[in-house]
Amino acid sequence: MRWLRGMGLLLMFAGALQLAGCATFEPPRPFTTEAEALAAKGEPSRRWQNDDGTTTLEYATQPYGHTCLMVQVDQGGMVLRQWDALESENLVRVQKGMTPEEVERMLGQHRSVQTFKLSGEEVWDWNIRNNGPGVATRFNVHFIDGQVVRTSQTYVYPRDGAFWGYGWGYGRSYYGYPYYRHPFFAPYPFHPYWW
């Protein structure tokens, strides 16, 4: 009888956790006015003026988040539509030949920029929802001479060490404690295969 009561408590606890998880990850409710959006979300990270007289409020969460809420409002402050700019349906709209401003208007503020001198590429990236392997997923847009040439996706994995958490080619472990390093495993320039 005791185990039955314990099982009932366990099921109630599991149900409460499930309900709490649903409440935590629910999408933002649709706003009807600009004032309502500002009251709920605060001042946007940017405001984009559109050619048709409407304004798009951008709520970017980079460099750590994986969403970018866009709220388009008309001149009277009524919400016309709202969407997550980093959903896959929007990412596929990035086309070859677009300018950096066009891409940023479409996807919102980017996480970081890397420049590759040999290829002449400048790569912007955004954290996106991680549905693949690893601990994070990044959407990358590659520019050459101020125009999109391609897009790509990168999976980020946790920093696994070579041996029980020790980093490859580093003089300290992952936790910062020193350890003995055989000369064969010394970092570059002693051994040309270590960075």
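Refer to the preceding data block for the structure.
Before going into details, it helps to say that this report is about the structure given with it. This structure is a prediction, so every number in the text was calculated from the model and none was measured.

Observations regarding the sheet that holds strand β4 (residues 79-84)
Next up, step 1: As summarised here, the arrangement of the 4 strands in space is β1-β2-β3-β4, forming an open sheet in which the pairing is antiparallel. The outermost strands of the open sheet, each flanked by one partner alone, are β1 (46-49) and β4. Here the average twist between neighbouring strands, direction ignored, is 20 degrees.
Next up, step 2: Pairing analysis gives 5 bridges linking strand β3 (residues 68-73) to β4, with the strands arranged antiparallel. From the neighbouring strand, Leu69 faces β4, where its bridge partner is Asp84.
Next up, step 3: Along the sheet, helix α2 (residues 34-41) makes contact with β1, β2 (55-60), β3 and β4, crossing β2 at roughly 10 degrees.

Comments concerning the packing of aromatic side chains
Next up, step 1: By the definition in use, this model includes 2 aromatic pairs.
Next up, step 2: Relative to Trp126, the ring of Trp124 has its centre 6.4 Å away and its plane inclined at 55 degrees; by these criteria the two rings are tilted. Comparing Trp124 with Trp126, the two get one shared label, buried.
Next up, step 3: Aromatic ring contacts, followed pair by pair, group Trp124, Trp126 and Phe143 into a single cluster.
Next up, step 4: Here the basic side chain of Lys41 rests over the ring of Tyr59, its NZ or CZ set 6.0 Å away from the ring centre.
Next up, step 5: The cationic tip of Arg81 hangs over the ring face of Trp83; the distance from NZ or CZ to the ring centre is 3.8 Å.

Digging into the pattern of salt bridges
Next up, step 1: On inspection of all chains with the given rule, the structure shows 7 salt bridges.
Next up, step 2: For the salt bridge of Glu34 with Arg47, the shortest nitrogen-to-oxygen distance reads 2.8 Å. A residue pair is termed long-range when its members are at least 10 positions apart, and Glu34 in helix α2 and Arg47 in strand β1 qualify at 13 residues.
Next up, step 3: With a relative accessible area of 18%, Glu34 lands in the buried category.
Next up, step 4: Judged by relative accessible area, which is 36%, Arg47 ranks as partly exposed.
Next up, step 5: Residues Glu104 and Arg46 are paired through a salt bridge, measuring 3.4 Å at the closest nitrogen-oxygen approach. Taken together, the residues span a long stretch of sequence, with Glu104 in helix α4 (residues 100-107) and Arg46 in strand β1 at a distance of 58 residues.
Next up, step 6: What makes Glu104 buried here is its relative accessible area of 12%.

Points about the nonpolar core
Next up, step 1: Membership of the largest hydrophobic core comes to 18 residues, with the highest contact counts inside it found for Val94, Val103, Leu107, Trp126, Phe139 and Val141.
Next up, step 2: If you look at the next biggest cluster of nonpolar residues, it comprises 8 residues, including Phe31, Ala37, Val71 and Val79.

Here we look at the pairing of strand β6 (residues 121-128)
Next up, step 1: Within β6, 7 of the 8 residues are buried, leaving the element largely enclosed by the surrounding structure.
Next up, step 2: Bridge analysis of strand β5 (residues 112-116) against β6 gives 5 bridges, and the strand direction is antiparallel. Bridging across to β6, Val113 finds its partner in Trp124.
Next up, step 3: The turn joining β5 and β6, which pair antiparallel and follow one another in sequence, is formed by 4 residues; a positive phi near 75 degrees is taken by Gly120.
Next up, step 4: Summarising the sheet, β6 and strand β7 (residues 136-144) pair through 7 bridges and their orientation is antiparallel. Looking at the pairing, Asn127 lines up with Arg138 of β7.

Reading the values: the criteria
Residues numbered from 1 in each chain as written. Predicted model: local features only at pLDDT ≥ 70, side-chain atom pairs only at ≥ 80, totals over all residues. Heavy atoms only, no water. Pairing = 2+ DSSP bridges. Helix = DSSP H or I, 4+ residues; strand = E, 2+ residues; numbered from the N terminus. Axes fitted to C-alpha atoms, helices over the stretch in contact; angles between N-to-C directions. Contact = heavy atoms within 4.5 Å. Phe/Tyr/Trp six-rings, centres within 6.5 Å; stacked < 30°, edge-to-face > 60°. Buried < 20%, exposed > 50% of the residue type's maximum accessible area, 1.4 Å probe, protein only. Lys NZ or Arg CZ within 6 Å of the ring centre and 35° of its normal. Salt bridge = Lys/Arg side-chain N within 4 Å of Asp/Glu carboxyl O. Core = buried A, V, L, I, M, F, W, Y, C linked by side-chain atoms within 4.5 Å.

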